Amino acid sequence: ELLSRRAETLLSDQTQDVSLTVRVKTHLRRCNLDDVDAASAAQAVGVTPSTLRRRLSQEGTTFSTLIDEVRRELALSALRDPSACIKVLSEQLGFSEPCAFHRAFRRWTGTTPARYRLQVA
């Protein structure tokens with residue numbers, strides 16, 4: 001029991017040393033981006049929505065920027081798999097329709113998802 005409590009304390013201390021930006025991005029990578037919002041993310045990382053907004057602002061970012069960054073990371077990773085369906089990927093990333101995903105991908109990379117897939121293949 002003593003060792004278990006010590007391990008929990010060490011994990012808690014380690015989590016507090018990580019920036020809120022990293023903690024939120026870690027949470028976003030694990031959840032369904034289709035229905036995530038700032039309130040649920042704030043609860044998941046143990047702060048109030050207003051604290052989340054304020055602390056992310058102090059770290060030079062916003063919640064919507066973090067969602068956009070995570071979507072980009074996940075899209076780039078998923079498109080390395082030639083069998084990944086772009087329509088399904090756009091839904092998994094929380095885009096309302098594939099054309100919205102295409103616009104965002106072009107903004108992120110300067111190319112379309114299909115061209116990117118050809119480049120990395």
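Right above here is the structure, for reference.
Residues numbered from 1 in each chain as written. Predicted model: local features only at pLDDT ≥ 70, side-chain atom pairs only at ≥ 80, totals over all residues. Heavy atoms only, no water.

Chemist: For the packing of aromatic side chains, give the residues involved together with the corresponding values.
Modeler: For the structure on display, the rule yields five aromatic pairs. A centroid spacing of 5.8 Å and a plane angle of 50 degrees characterise the contact between Phe-101 and Phe-105, whose relative ring orientation is tilted. In this pair, Phe-101 and Phe-105 are both assigned in helix H7 (residues 98-109), four residues apart and thus about one turn of the helix distant. No difference in accessibility class separates Phe-101 from Phe-105, as the two residues are buried. One aromatic cluster in this structure is built from Phe-95, Phe-101, Phe-105, Trp-108 and Tyr-116. For Arg-71, the ring lying beneath its charged end belongs to Phe-95, and the centroid distance is 4.8 Å. (Phe/Tyr/Trp six-rings, centres within 6.5 Å; stacked < 30°, edge-to-face > 60°. Helix = DSSP H or I, 4+ residues; strand = E, 2+ residues; numbered from the N terminus. Buried < 20%, exposed > 50% of the residue type's maximum accessible area, 1.4 Å probe, protein only. Lys NZ or Arg CZ within 6 Å of the ring centre and 35° of its normal.)

Chemist: Can you lay out the nonpolar core for me, pointing to particular residues and giving the numbers?
Modeler: In this structure, Val-24, Leu-28, Leu-52, Phe-63, Phe-101 and Phe-105 are the most contacted members of the largest nonpolar core, which totals 28 residues. Among the elements of the structure, helix H2 (20-30), helix H3 (38-45), helix H4 (49-58), helix H5 (63-78), helix H6 (86-92) and H7 are those that each provide at least two residues to this core. The element best represented in this core is H5, accounting for six residues. For Val-24, the contacting residues outside a window of four places in its chain are Val-45, Leu-52, Phe-63 and Leu-66. (Core = buried A, V, L, I, M, F, W, Y, C linked by side-chain atoms within 4.5 Å. Contact = heavy atoms within 4.5 Å.)

Chemist: Which residues make up the pattern of salt bridges, and what values do they have?
Modeler: A full pass over the atoms with the stated rule returns five salt bridges. For Arg-107, the salt bridge identified is with Asp-68, shortest N-O distance 3.0 Å. Of the two residues, Arg-107 is situated in helix H7 and Asp-68 in helix H5; the sequence distance between them amounts to 39 residues. Given a relative accessible area of 22%, Asp-68 falls into the partly exposed group. (Salt bridge = Lys/Arg side-chain N within 4 Å of Asp/Glu carboxyl O.)

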